[in-house]
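# Coordinates in review
Residues per chain, in single letters:
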Amino acid sequence: MSPAPHILQDRTDLSQVADEHPELVSELRSTRTGVKAGRSTVQFCGLIGVSEERSFVFLPRKSYTGIVEQDLKIARLTMRALARFGRDMTDRLGVATGGEGDTGRLAVVVDLAKDFMLYGIFSERSRHRSRTSGKPDWPRTVMREQSYVGVDGSVVYQDIHTTRAKDSHDSLLAQIQAAVMLEIARQHAWWIDGLTGREGELKRYTQPRLPRALWATHLRLLLPELYASRAILLANSLISYLVNDSTSRAGEAYYGVEDFHTVWEHMLRQVLWGVEAEWNSRLPRPAYRRNDGAIAVQNRGLQTDIVLRDASGVLHVVDAKYYDATHLGNAPSLPDIVKQFFYDIALSTVASGETVRGCFVFPGSNLETPAFKSVAMHHRNGTVAPDFPVISCHYIEMVSVLRAYTEGQKIALPTH
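Residues numbered from 1 in each chain as written. Predicted model: local features only at pLDDT ≥ 70, side-chain atom pairs only at ≥ 80, totals over all residues. Heavy atoms only, no water.

### Considerations on the sheet that holds strand β5 (residues 55-59)
Two orientations exist for strands paired in a sheet by backbone hydrogen bonds: parallel and antiparallel. Reading across from one edge, β1-β5-β4-β11 is the order of the four strands in this open sheet, with mixed pairing throughout. The open sheet has two free edges, formed respectively by β1 (6-9) and β11 (252-257), since each of these has just one partner strand. Put simply, the sheet's adjacent strands are angled 15° from each other on average, direction ignored. Where strand β4 (residues 45-50) meets β11, six bridges bridge the pair, whose relative direction is antiparallel. Opposite Val 50, over in β11, you have Glu 252 as the bridge partner. Running at roughly 80° to β5, helix α3 (residues 68-88) makes contact with β1, β4, β5 and β11 of the sheet. (Pairing = 2+ DSSP bridges. Helix = DSSP H or I, 4+ residues; strand = E, 2+ residues; numbered from the N terminus. Axes fitted to C-alpha atoms, helices over the stretch in contact; angles between N-to-C directions. Contact = heavy atoms within 4.5 Å.)

### So, the nonpolar core
Residues Leu 173, Phe 260, Trp 264 and Met 267 are the most contacted members of the largest nonpolar core, which totals 77 residues. A total of 10 residues in this core trace back to one element, the largest contributor, which is helix α6 (residues 172-188). Among residues more than four places away in sequence, those in contact with Leu 173 are Phe 122, Leu 219, Leu 222, Leu 226, Ala 231, Leu 234, Ala 235 and Leu 238. With 14 residues, the next largest nonpolar core counts Leu 14, Val 42, Ile 48 and Val 50 among its residues. (Core = buried A, V, L, I, M, F, W, Y, C linked by side-chain atoms within 4.5 Å. Buried < 20%, exposed > 50% of the residue type's maximum accessible area, 1.4 Å probe, protein only.)

### A short note on the pattern of salt bridges
Counted by the stated rule, this structure contains 18 salt bridges. The salt bridge involving Lys 62 is made with Glu 368; its shortest N-O contact spans 3.2 Å. Placement of the pair is Lys 62 in the loop between β5 and α3 and Glu 368 in the loop between β16 (356-364) and β17 (374-375), with a sequence separation of 306 residues. Among the ionic pairs, Arg 87 bridges to Asp 111, the shortest N-O distance being 1.9 Å. One end of the pair, Arg 87, is in helix α3; the other, Asp 111, is in helix α4 (residues 103-119), and 24 residues separate them in sequence. For Arg 87, a relative accessible area of 28% puts it in the partly exposed group. By relative accessible area, which is 25% here, Asp 111 ends up partly exposed. Residues participating in the shared-partner salt-bridge network are Asp 319, Lys 321, Asp 336 and Lys 339. (Salt bridge = Lys/Arg side-chain N within 4 Å of Asp/Glu carboxyl O.)

### Side note on α4
End to end, α4 covers 24 Å across 17 residues, agreeing with the expected 24 Å (1.5 Å per residue, within 8%). Burial runs high along α4: 12 of the 17 residues are buried. Looking at the residues trailing α4, positive phi occurs at Gly 120, about 75°. (Expected span 1.5 Å × (residues − 1).)

### Quick word on the sheet that holds strand β14 (residues 306-309)
An order of β14-β15-β16-β18-β17 is seen for the five strands of this open sheet, with the pairing classed as mixed. Lying at the two open borders of the sheet, with one neighbouring strand each, are β14 and β17. Summarising the sheet, β16 and strand β18 (residues 391-397) pair through seven bridges and their orientation is parallel. Along β18, the bridge assignment pairs Phe 362 with Tyr 395.

### Re the packing of helix α10 (residues 261-271) against helix α12 (residues 398-407)
When two helices pack together, their arrangement is captured by the angle between the axes and the distance separating the axes. The N-to-C vectors of α10 and α12 enclose an angle of 65°; their axes lie 9 Å apart at closest approach. Crossing angle aside, the handedness with which α10 passes α12 is left-handed. On α12, the residues that touch Trp 264, His 266, Met 267, Leu 268, Gln 270 and Val 271 of α10 are Met 398, Val 401, Leu 402, Ala 404 and Tyr 405. Grouping the constituent residues of the contact of α10 with α12 by class yields nine nonpolar, two polar and no charged. (Left-handed = near helix turned anticlockwise from the far one by under 90°. Nonpolar A, V, L, I, M, F, W, Y, C, P; charged D, E, K, R; others polar.)

### Quick notes on the packing of aromatic side chains
Tallying each qualifying case throughout the model produces five aromatic pairs. Ring plane angle 85° and centroid distance 6.2 Å describe the contact between Phe 44 and Phe 58, whose orientation is recorded as edge-to-face. On the criterion of sequence distance, the pair formed by Phe 44 in the loop between β3 (41-42) and β4 and Phe 58 in strand β5 is long-range, its members being 14 residues apart. By relative accessible area, Phe 44 is classed as buried at 3%. Classification of Phe 58 by relative accessible area gives buried; the value is 0%. When the centroid spacing of 5.2 Å and the interplanar angle of 50° are considered together, the rings of Phe 260 and Tyr 322 count as tilted. With Phe 260 in the loop between β11 and α10 and Tyr 322 in the loop between β15 (315-320) and α11 (334-350), the pair connects residues that are 62 residues apart, well separated along the chain. Given a relative accessible area of 1%, Phe 260 falls into the buried group. A relative accessible area of 2% places Tyr 322 in the buried class. Of note, Arg 61 hangs over the ring of Tyr 322, and the distance from its end group to the ring centre comes to 4.8 Å. Here the guanidinium or amino end of Arg 105 rests over the ring plane of Tyr 241, the centre of that ring lying 4.2 Å away. (Phe/Tyr/Trp six-rings, centres within 6.5 Å; stacked < 30°, edge-to-face > 60°. Lys NZ or Arg CZ within 6 Å of the ring centre and 35° of its normal.)

Laid out in structure tokens, this is it:
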């Protein structure tokens, strides 16, 4: 059984991590993962394995509780969300090779685990010669055995040659699958249901004699000889797993993202009620007027994160912000605020007669009281500048979003 990981949180102070887990920081620095010059925190969300016995999971901000049992559940939820994100970012060919960071490979890990739990290790059925049991092989029996005449005049053979079907796990595809699944079970059984306790079974299969670096090459050579859809998909998934491998030593692995903002925005787009996708194509675009009177329009127009309609019919221009937003120092700055003002005005010009409101959505925690309710422009004398829109601030519990995203549920935008 793979050991449970140590749980940390995205944006944890680097000096604190170095004091408690110096080997982790050494790995992060050597691979330049999550540690950037000039930053005092580790910026990473996902799984990092430094050996077969030690691994770490960095949770998204506002999800860490400090209670081991709860944090382990949240870690499982986080890994499933990252795997689904990798699947959502998959190209149309059907095998997850893309995704932010290593989430594409994480989706492949889930695909391989599901295939193994549904069908087991790949087997090829072949027929083998036998005697007296199985399907009779009459031509061979007639040629090889002495016949006798029975009491009723019929021809009788004392021994009958037969063939029997036998499943074989000796093919190269089966050997590589078993070896890869053993790696996956060791690293991921703690969060993928159904893999716990399967390591002993996987160790019994024949291991490939080829060096690991050649497995993907030989699988590609094998592909033209495969005809069954399961075999083709399995081979392609194994190739994807191997060619995107971030492992350099036994047990070392990286599965996650350095910038969780992309995942946060995507999850909110998927789980919020009332999201309407067509508004970006309707928003105005910049256009230059030439000296000769001709108009040159830029191809790319405004791109809002999310536009949704709530139960009362109000349109909300949602800017997903992966910020703590607990004080002015970690809240959206003036450029973000100006952008929301502009989106509010732009959507109002094409949503004739509709009520439009801009808002920020931050990750929240059930352990904290939201810090901000709204953003408005104020005159120097402290009065509200009425010609600017007001931007609402909403906090949605991170764990609720992770759960809704992995389970295909919906969440309503909070109301003030």
